[in-house]
Amino acid sequence: MPPNTASSNPQPDSERKDKSMSDKASDHQVMIDGNGVQFSCAATHAAACRLGCALECEDYHRSECDRSVKDVGNCGALTYFDAADPFDTYIGATEPNNWQSGPIDVEWDSYYDSWLWRFPGEDRQLPGSARYRDAV
Ligand SMILES: [Zn+2]
Ligand SMILES: [Zn+2]
């Protein structure tokens with residue numbers, strides 16, 4: 001690792017001790033307009049969605065990994081939210097036709113090995129991908 005040059009990182013790199021593992025609704029937003037759906041993340045350094053393996057395992061920790069985590073510099077949740085198929089990772093109860101731009105809740109689901117999202121306060125449903133499967 002090079003020394004921390006920080007030139008490309010707009011976040012102050014201070015070690016925040018007040019982080020919590022729970023995600024604030026306002027950290028993640030969905031934007032819905034005529035062009036489709038866009039997700040964004042404004043989480044701060046070391047927020048839960050930005051944590052990845054400190055030893056840089058890929059999707060899963062290797063068996064020899066001690067599972068420690070670090071801030072990886074971007075939002076891991078957004079990589080799971082497919083703008084072309086946002087329903088796949090959706091666990092709310094609103095018909096996609098009725099989705100509106102605004103804050104969303106995101107959570108890691110270890111059963112589905114995926115980040116999932118819903119609008120704040122919505123009842124939790126199966127992810128859209130699982131609903132498709134069950135409907136067959
Ligand atoms: Zn690991
Ligand atoms: Zn995020």
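Residues numbered from 1 in each chain as written. Chains lettered and ligands numbered in written order. Predicted model: local features only at pLDDT ≥ 70, side-chain atom pairs only at ≥ 80, totals over all residues.

J.: Teacher, can you tell me more about the pairing of strand β6 (residues 114-118) here?
T.: Extensive coverage of β6 is indicated by the burial of 4 of its 5 residues. Two elements, strand β5 (residues 102-109) and β6, share 5 bridges in a ladder whose sense is antiparallel. Within β6, the position partnered with Asp109 by the bridge is Ser114. Hairpin geometry of β5 and β6 is characterised by an intervening segment of 4 residues between the two adjacent antiparallel strands and by a positive phi of about 50° at Asp113. (Buried ≥ 20, exposed ≤ 12 C-beta atoms within 10 Å, placed from the backbone. Helix = DSSP H or I, 4+ residues; strand = E, 2+ residues; numbered from the N terminus. Pairing = 2+ DSSP bridges.)

J.: Looking at this structure, I do not really get the nonpolar core. What am I missing?
T.: Membership of the largest hydrophobic core comes to 17 residues, with the highest contact counts inside it found for Cys49, Ala77, Phe81, Val106, Trp115 and Trp117. Secondary-structure elements contributing two or more residues to this core are β5 and β6. Among the elements that take part in this core, β6 stands out by supplying 3 residues, more than any other. (Core = buried A, V, L, I, M, F, W, Y, C linked by C-beta atoms within 7 Å.)

J.: Honestly, the environment of Arg67 in this entry has me stumped. Any pointers?
T.: Along the chain, Arg67 turns up in the loop between β3 (51-53) and β4 (69-71). Along the sequence, Arg67 and Cys53 sit 14 residues apart, while their C-alpha atoms lie 6.3 Å from each other.

J.: Would you mind going over the sheet that holds β6 with me for this structure?
T.: Whether parallel or antiparallel, the strands of a sheet pair through hydrogen bonds between backbone atoms. Taken in spatial order, the 4 strands of this open sheet run β2-β1-β5-β6, and their pairing is antiparallel. Every other strand in the sheet has two partners, leaving β2 (36-41) and β6 as the edge strands with one partner each. With strand direction ignored, the average angle separating the axes of adjacent strands in the sheet is 35°. Across 6 bridges, the pairing between strand β1 (residues 28-33) and β2 is antiparallel. Each bridged residue has a counterpart across the sheet, and for Asp33 the counterpart in β2 is Gly36. (Axes fitted to C-alpha atoms, helices over the stretch in contact; angles between N-to-C directions.)

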